[in-house]
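So you can see what is in the structure, the chains are spelled out below.
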Amino acid sequence: MKRWIGVLVFCICQLTMLAQIPAPVMDSIVVVNGQSHIYWTPNTSNTDGYRISHLEGPYGTAITDLGIITGINSREYVDTKASNNPCSNNQNYCIVAYKLSGTDTSWSNGANLTDARGTIFLDKISFENCFRTIHLNWRYAYRFPGFNHYEVYLTNRSAKLDSLFAITTDTTYDYTSLPGGFEFKRDSIYCFRIVAISGSDADKKVSTSCSQCFTAHYPPKPDVLDAYSVSVYQNKGVSISCLIDSLKINGYVGISREAEDENGYTFMGYIPVKGDTSVVSGWDSTAWVNDKWYRYAMVALDSCFIPYLYDMANSIHLGGKVEDSRTNFLHWNAYQSLSDSVIAYLILRKISGYADSVIQLPADSLLYYDRISLYENLGLEFDYLVQAVVLPRSMLNDGIADSLQYRYCNSNSIVIFQNLKLFLPNAFRPGGINPKFSPGDFIKAEISNFRLTIFNRWGQQLYTTTEQSEGWDGRMNGEDMPTGVYVYVLSFTTLRGNTVQQKGTVTLVR
């Protein structure tokens, strides 16, 4: 009986001793270099060390012992176990204080076991480069009591800066980089970490996440945009070409148009840039190129449709008229571009469909009087087209003028028709200076369907021919006609397809 009483007293003493072991107070769990650092306030008595336990899974469905830290004043444990990676999941812990009894290690439970506390798991950062937006999402299972808020910290690894970025009570955070505010710089590395603040200022408890990083990769931006050419093509529309460093980017060139009699641009569309050519072209078939000129605005955009560069150029509208029988008058508007300069204008002239000459004019020329006295009264067509000879302004500023870099921007073409005027003799004398009445000899233009007919005053037909080189010799069927006034009818077709008919009188003198 005494023996059992002694055992009972011993057990009671042991239980009393274990119950007197205080539970350590956990202060913070901080993630440093991908490892969890657990901190606590050491016990002041009845403690020989601390046992660190890990709660398996994000919500602690099982407990695994990590190790024992000896000494009552121990206050930190670093979890070096590779599988307990706070960068891949929440890591949750509890601490047990122990007291040695003889040669045995006695473990307390209940009161001397801390409540579980854990790290914050920050998921991989979602960065939407077109909208310059980040999305953060984290999970915090075992909080310290008295939770207050989360602090979002940002580190710019490229600039080696670390700062408090935001404060929130949610477990998500979104931010859009905007001009005028904080911007994620191109190709810079940014890291975020989350800090949970609990307790009062005098008794602050902290849990942190692992840092998650991303690189602010944006679509490549264009460095060059040049309105390479704005040129009228065969009076059918306007061809718009842009020089862009497309070998570097995949993006777009946006085109807008403004007519000379309009105030404001109309959006035309986007030209895709595929990175396999340096010149991209568009076509405007709705332009009334024979009536007016148009200004085109061009904007280079990356694949997110963010604009970077701007250029502008206009088409050339050519007009003209007959000034007199010896002169054609031409006028046109100046070709203008933000990136290019006109170094000369060329006038390309055709006469009745045949290329005739190229006339070069200074860059400030906007009108021209074409002297055509050599072709006076021949009923010819004069076809004109103006070309602006253009060079990049940068080449001119550098004193470089490489003819291989010349660009030629065409105007619409126009046709000016000089009427055919015939000056025929009003008399002839067989055997004299004018032995025949031959109007065909006075027609210098190329014609067809020639016909000459002679009538007397009573309307009798005396003579007719379809040969331009022939004429009336004053006879009918070999018989001389008497001196007098006779009527002629002359007709033919010009190269333009116009039928010319002229009636008049001619005097036969003997």
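Residues numbered from 1 in each chain as written. Predicted model: local features only at pLDDT ≥ 70, side-chain atom pairs only at ≥ 80, totals over all residues. Heavy atoms only, no water.

### Quick notes on the sheet that holds strand β29 (residues 367-371)
Reasoning step 1: The strand order β25-β26-β29 describes an open sheet built from three strands, whose pairing is antiparallel. In this open sheet, the two strands that pair with only one neighbour each are β25 (318-324) and β29. With strand direction ignored, the average angle separating the axes of adjacent strands in the sheet is 20°.
Reasoning step 2: The pairing of β25 with strand β26 (residues 327-332) spans six bridges and is classified as antiparallel. From the neighbouring strand, Leu-318 faces β26, where its bridge partner is Trp-332. (Pairing = 2+ DSSP bridges. Helix = DSSP H or I, 4+ residues; strand = E, 2+ residues; numbered from the N terminus. Axes fitted to C-alpha atoms, helices over the stretch in contact; angles between N-to-C directions.)

### Describing the packing of aromatic side chains
Reasoning step 1: For the coordinates displayed, the defined rule picks out 31 aromatic pairs.
Reasoning step 2: With centroids separated by 5.4 Å and ring planes inclined at 75°, the aromatic side chains of Trp-138 and Tyr-150 adopt a geometry described as edge-to-face. Within this pair, whereas Trp-138 is found in strand β11 (residues 133-139), its partner Tyr-150 is found in strand β12 (residues 147-156), the two being separated by twelve residues in sequence. Like Trp-138, the residue Tyr-150 is buried in the burial classification.
Reasoning step 3: Between the NZ or CZ atom of Arg-132 and the centre of the ring of Tyr-218, over which it lies, the distance is 3.8 Å.
Reasoning step 4: The ring of Tyr-153 carries the charged tip of Arg-193 above its face, separated from the ring centre by 4.6 Å. (Phe/Tyr/Trp six-rings, centres within 6.5 Å; stacked < 30°, edge-to-face > 60°. Buried < 20%, exposed > 50% of the residue type's maximum accessible area, 1.4 Å probe, protein only. Lys NZ or Arg CZ within 6 Å of the ring centre and 35° of its normal.)

### Some details on the nonpolar core
The tendency in soluble globular proteins is for nonpolar side chains to be buried as a group.
Reasoning step 1: Met-298, Trp-332 and Tyr-335 are the most contacted members of the largest nonpolar core, which has 45 residues in total.
Reasoning step 2: Look past the residues within four positions of Trp-332 in its chain and what remains in contact with it is Ile-316, His-317, Leu-318, Tyr-345, Ile-347, Leu-361, Ser-365, Leu-366, Leu-367, Tyr-368 and Val-386.
Reasoning step 3: Counting residues in each nonpolar core, the second largest holds 36 residues, with Ile-38, Tyr-150, Leu-154 and Ile-194 among its members. (Core = buried A, V, L, I, M, F, W, Y, C linked by side-chain atoms within 4.5 Å. Contact = heavy atoms within 4.5 Å.)

### Details of the confidence of the model for the chain
Reasoning step 1: On average, residues of the chain score 87 in pLDDT, and 88% of them are at 70 or above.
Reasoning step 2: Mean pLDDT across the elements of the chain ranges from a minimum in helix α1 (residues 2-19), with 40, to a maximum in β26, with 98.
Reasoning step 3: Low confidence marks residues 1-18, where pLDDT is under 50. Its contacts with residues over four positions away, or in another chain, come to eight contacts.
Reasoning step 4: Note on residues 102-111: pLDDT is under 50 here. Beyond four places in sequence and across chains, it has 17 contacts. (pLDDT = per-residue confidence, 0-100.)

### Regarding the sheet that holds strand β23 (residues 294-301)
Reasoning step 1: Strands sit in the order β21-β20-β23-β24 across an open sheet of four strands; the sheet is antiparallel. With one partner strand each, in any of the chains shown, β21 (266-273) and β24 (307-314) form the two edges of the open sheet. Taken over all neighbouring pairs, the strand axes of this sheet differ in orientation by 20° on average, direction set aside.

### Quick notes on the state of the cysteines
Cysteine pairs can be linked by a disulfide, which is a covalent bond between their two sulfur atoms.
Reasoning step 1: A full pass over the atoms with the stated rule returns three disulfides.
Reasoning step 2: Two residues share a disulfide in this structure: Cys-130 and Cys-304, whose sulfurs sit 1.9 Å from each other. Note on the Cys-130 and Cys-304 pair: the S-S dihedral is about -75°, so by sign convention the disulfide is left-handed. You can see Cys-130 sitting in the loop between β10 (126-128) and β11 and its partner Cys-304 sitting in the loop between β23 and β24, a full 174 residues away along the chain.
Reasoning step 3: What makes Cys-130 partly exposed here is its relative accessible area of 26%. (Disulfide = S-S within 2.5 Å.)

### Focus on the pairing of strand β3 (residues 49-56)
Side-chain direction in a regular strand flips from residue to residue, so the side chains alternate between the two faces of the sheet.
Reasoning step 1: With respect to burial, β3 is a largely interior element, six of its eight residues being buried.
Reasoning step 2: Bridging between β3 and strand β4 (residues 62-70) involves eight bridges; their strand directions are antiparallel. Counted as the bridge partner of His-54 is Thr-64 from β4.

### Re a nonpolar patch on the surface
Reasoning step 1: Where nonpolar side chains cluster on the molecular surface, the patch consists of Tyr-265, Tyr-310 and Leu-338 and spans about 310 Å² of accessible area.
Reasoning step 2: Inspection of the secondary structure puts Tyr-310 in strand β24. (Patch = residues over 30% accessible without salt bridge, like charges linked within 9 Å, V, L, I, M, F, W, Y side chains within 5 Å. Areas by Shrake-Rupley, 256 points an atom, 1.4 Å probe, with all protein chains shown as cover. Salt bridge = Lys/Arg side-chain N within 4 Å of Asp/Glu carboxyl O.)

### Quick notes on the environment of Leu-346
Reasoning step 1: Tracing the sequence through the fold places Leu-346 in strand β27 (residues 340-351).
Reasoning step 2: Look at Leu-346 and you get buried, because its relative accessible area is 12%.
Reasoning step 3: Between the C-alpha atoms of Leu-346 and Tyr-408, which are 62 residues apart in sequence, the distance is 9.2 Å.

### Overview of the pairing of β24
Reasoning step 1: Both β23 and β24 contribute to a ladder of seven bridges, which runs antiparallel. Pairing of Ala-297 across the sheet is with Met-312, part of β24.
Reasoning step 2: Hairpin remark: β23 followed by β24, antiparallel, with five residues in the connecting loop; positive phi at Phe-305, about 65°.

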